[in-house]
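What follows is each chain in one-letter form.
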Amino acid sequence: MGKIILLAKHNIKLFFQKRALVVLSIIFPIIFFMFFSVLFTNYDDIDKIPIAVIDQDNTELSKQIITSLDKNIALKVISHQLEESEKLLKNNRIEAIFILTEGFEEAVKTTNYDNSVDLIYLDKSNIGPALSDIVASDLMMPISIYKAANQSRRYEETHNYKNMYNKTRLIGEQLVEESFFEMPIVSNVLVPYQQMNYEINITKILTVNTTIGYSVVVFSFVILFVNGHLMDSWSSKKRLLVANISPLQMYIADNLSVIFTGILILIAQVIIFVIGLGIRDIHAISTMIISLSLHIIFLSQLIIILTSLFQSKTRYQGIIAPLLFILGMLGGAFWSTELLSNDIIKLIQLTPIYQTLTWIRNSLLHMGTPDYTYYCLFLFVMMLISWSVYFMKVRKLRHP
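Criteria and cut-off values
- Residues numbered from 1 in each chain as written.
- Predicted model: local features only at pLDDT ≥ 70, side-chain atom pairs only at ≥ 80, totals over all residues.
- Heavy atoms only, no water.
- pLDDT = per-residue confidence, 0-100.
- Helix = DSSP H or I, 4+ residues; strand = E, 2+ residues; numbered from the N terminus.
- Contact = heavy atoms within 4.5 Å.
- Buried < 20%, exposed > 50% of the residue type's maximum accessible area, 1.4 Å probe, protein only.
- Pairing = 2+ DSSP bridges.
- Expected span 1.5 Å × (residues − 1).
- Axes fitted to C-alpha atoms, helices over the stretch in contact; angles between N-to-C directions.
- Parallel < 35°, antiparallel > 145°, perpendicular 65-115°, else oblique.
- Left-handed = near helix turned anticlockwise from the far one by under 90°.
- Nonpolar A, V, L, I, M, F, W, Y, C, P; charged D, E, K, R; others polar.
- Core = buried A, V, L, I, M, F, W, Y, C linked by side-chain atoms within 4.5 Å.
- Phe/Tyr/Trp six-rings, centres within 6.5 Å; stacked < 30°, edge-to-face > 60°.
- Arc of directions from axis to C-beta.

A.B. asks: Any chance you could explain the confidence of the model for the chain here in plain terms?
C.D. replies: Detailed reading of the predicted coordinates is not advisable wherever pLDDT is low. On average, the chain scores 76 in pLDDT, and the residues at 70 or more come to 77%. Ranking the helices and strands of the chain by mean pLDDT puts helix α12 (residues 282–309) first, with 90, and helix α7 (residues 164–178) last, with 58. Below pLDDT 50 for its whole length, residues 178–198 participates in seven contacts with residues either more than four positions away or in separate chains.

A.B. asks: How do you make sense of the environment of Gly262 when you look at a structure like this?
C.D. replies: Mapped onto the elements of the fold, Gly262 is located in helix α11 (residues 247–276). With relative accessibility at 0%, the residue Gly262 sits in the buried group. Here the alpha-carbon distance between Gly262 and Ser293, two residues 31 residues apart in the chain, equals 8.2 Å. Every residue in contact with Gly262, bar those within four places of it in the chain, is listed here: Phe219, Ile223 and Ile296.

A.B. asks: How do you make sense of unusual backbone geometry when you look at a structure like this?
C.D. replies: Glycine aside, residues mostly have negative phi, and peptide bonds are mostly found in the trans state. In this model, Asn58 sits at a positive phi of 55 degrees, which is unusual for a non-glycine residue. The residue Asn58 is located in the loop between β1 (49–55) and α3 (60–70) in this model.

A.B. asks: What is the right way to look at the pairing of strand β3 (residues 96–100) in this model?
C.D. replies: Two faces belong to every sheet, and in a regular strand the side chains alternate between them. The element β3 is extensively covered by neighbouring structure, given that five of its five residues are classed as buried. Neither face of β3 is exposed, since Ala96, Phe98 and Leu100 on one face and Ile97 and Ile99 on the opposite face are all buried. With five bridges joining them, β1 and β3 adopt parallel strand pairing. Bridging from a neighbouring strand, Ile54 pairs with Ile99 of β3.

A.B. asks: Mind showing me how you'd approach helix α15 (residues 352–364) here?
C.D. replies: Since the α-helix packs 3.6 residues into each turn, any two residues three or four apart lie on the same face. Taking 1.5 Å per residue as the helical rise, α15 with its 13 residues ought to reach 18 Å, and the 19 Å between its terminal C-alpha atoms agrees with that figure. Within α15, ten of the 13 residues are buried, which leaves it mostly tucked inside the rest of the structure. Burial in α15 covers these residues: Pro352, Ile353, Tyr354, Thr356, Leu357, Thr358, Trp359, Ile360, Ser363 and Leu364. Backbone geometry just downstream of α15 places His366 in the positive-phi region, at approximately 60 degrees.

A.B. asks: Quick question: what am I supposed to make of the packing of helix α1 (residues 2–15) against α11 here?
C.D. replies: In a pair of packed helices, the angle between the axes and the distance between the axes together describe the arrangement. Taken N-terminus to C-terminus, the directions of α1 and α11 make an angle of 45 degrees; their axes are 8 Å apart at the nearest point. In terms of orientation, α1 lies oblique with respect to α11. Both α1 and α11 take part in a crossing whose hand is right-handed. Facing Lys3, Ile4, Leu7, Ala8, Asn11, Ile12 and Phe15 of α1, the residues of α11 in contact are Gln249, Met250, Ile252, Ala253, Asp254, Leu256, Ser257, Phe260, Thr261 and Ile265. Per-class residue counts for the contact of α1 with α11 are eleven nonpolar, four polar and two charged.

A.B. asks: Would you take a moment to explain the nonpolar core for this structure?
C.D. replies: In summary, soluble globular proteins display a tendency toward joint burial of nonpolar side chains. Grouped together as the largest cluster of nonpolar side chains are 48 residues, with contacts concentrated most on Ile212, Ile223, Leu224, Ile279, Met288, Leu292 and Phe298. Elements represented by at least two residues in this core include exactly α2 (19–39), α8 (202–226), α9 (229–232), α11, α12, α13 (313–331), α15 and α16 (373–398). The element contributing the most residues to this core is α12, with twelve residues. Look past the residues within four positions of Leu292 in its chain and what remains in contact with it is Val216, Leu266, Val270, Phe273, Thr356 and Ile360.

A.B. asks: Would you mind going over the sheet that holds strand β2 (residues 75–79) with me for this structure?
C.D. replies: In a beta sheet, neighbouring strands are held together by backbone hydrogen bonds and run either parallel or antiparallel to one another. Judged by pairing direction, the sheet is mixed, and its four strands sit side by side in the order β2-β1-β3-β4 without closing on themselves. Each of the sheet's edge strands pairs with one partner strand only, and the pair in question is β2 and β4 (117–121). Averaged over all pairs of adjacent strands, the angle between their axes in this sheet comes to 30 degrees, without regard to strand direction. With respect to the sheet, α3 is in contact with β1, β2 and β3, its orientation differing from that of β1 by roughly 170 degrees. The strands touched by helix α4 (residues 82–90) within the sheet are β1, β2, β3 and β4, with β3 carrying the most contacts at an inclination of about 155 degrees.

A.B. asks: What am I meant to see in the packing of aromatic side chains here?
C.D. replies: To describe a pair of aromatic rings, you give the distance between the ring centres and the angle between the ring planes. For the structure on display, the rule yields eight aromatic pairs. Measuring from centroid to centroid gives 5.4 Å for Tyr251 and Tyr390, while their planes differ by 65 degrees, and the two rings are edge-to-face. Taken together, the positions of Tyr251 in helix α11 and Tyr390 in helix α16 put the pair 139 residues apart, joining distant regions of the chain. Of the two residues examined, Tyr251 and Tyr390, each falls in the buried class.

A.B. asks: What's the story with α4 in this structure? I'm lost.
C.D. replies: Within α4 the residues assigned to the buried category are Ser85, Leu88 and Leu89. On an axial view of α4, the arc spanned by its buried residues comes to 100 degrees, and they lie on one face. Structural note: α4 exposes Glu83, Lys87 and Lys90 on the side pointing more than 90 degrees away from its buried face. Elements in contact with the buried residues of α4: β1, β2, β3 and β4.

What follows is the structure in structure tokens.
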């Protein structure tokens, strides 16, 4: 055991000779967080459709409709001025302009809706025409009230009833106010697997998730690049064999040095994530530590395999950047994998970075407990492969 510790200490000293890269791997999460915090400002409104609403009628009913549209959760009303709205539309800043024309209230009351609402949108817009349904939902109540009231007026005229129009209108308005309707709907209430007693901040989740994604790639690059000194150690492996140090002892020492240095950087990064990114949930923090620790074990096996296969340190370090770029792309470190088809997602689920980021993201969203079983089996298989490759390389040294 003493020989393994001595070899591991030697490798660790060589690792920390590249202090600049080590420090950068710790500082980069802060840089990424600051950048993405600015980039994703007001992301909570990205699911709202930007429109403009112009009130040319300026009546009590038109003002009620304007207020209702301002509060609509599907819409984000940007402007109420026609000239400004036209400029925004032509610059693709909004999707459409709704104009409540002069005489709007009278048109609703008399159920003569011709030219009461104008919709303006750009040519070939897919969203513009569909917006009419969203706006129509806000117009449905007053139109239904006055349509029923006008129907009552006909009975008032033909059957000599008194004040049916006003009575019907008042009852309709009262029903809307109380939100009470007898509808033939059968309700079934299901109990969720887990109660959500928290608010999800989309901007923060996206910023933290993207920051961690980029940080994992940079962290992986530093671990792989700086541990390139293991390539140089192959020249001394023959002397270690003469000193009765077994291949297994050398293999364990190389692994321990990579894992130990990775965990030191991991501790620093987790502290930055907790303090800098404001992560306070114990489940999320523990999931992050476990997931990144498993990722370090994956990196250690990858380093052993690559340093055993490549004959040149230059070639080894040259393959790191493209390899991590591909793994980062497939793993969703640079973008959302939800944009991909289900068939491709089934393939990229096998990538280590995808699993690491998915566990962390799900813990931030409180989406269940991660299952590490299959990933641990994957790491076990990687260890068998790395040991086989390592042993074959040592055997060549012993019997050239």
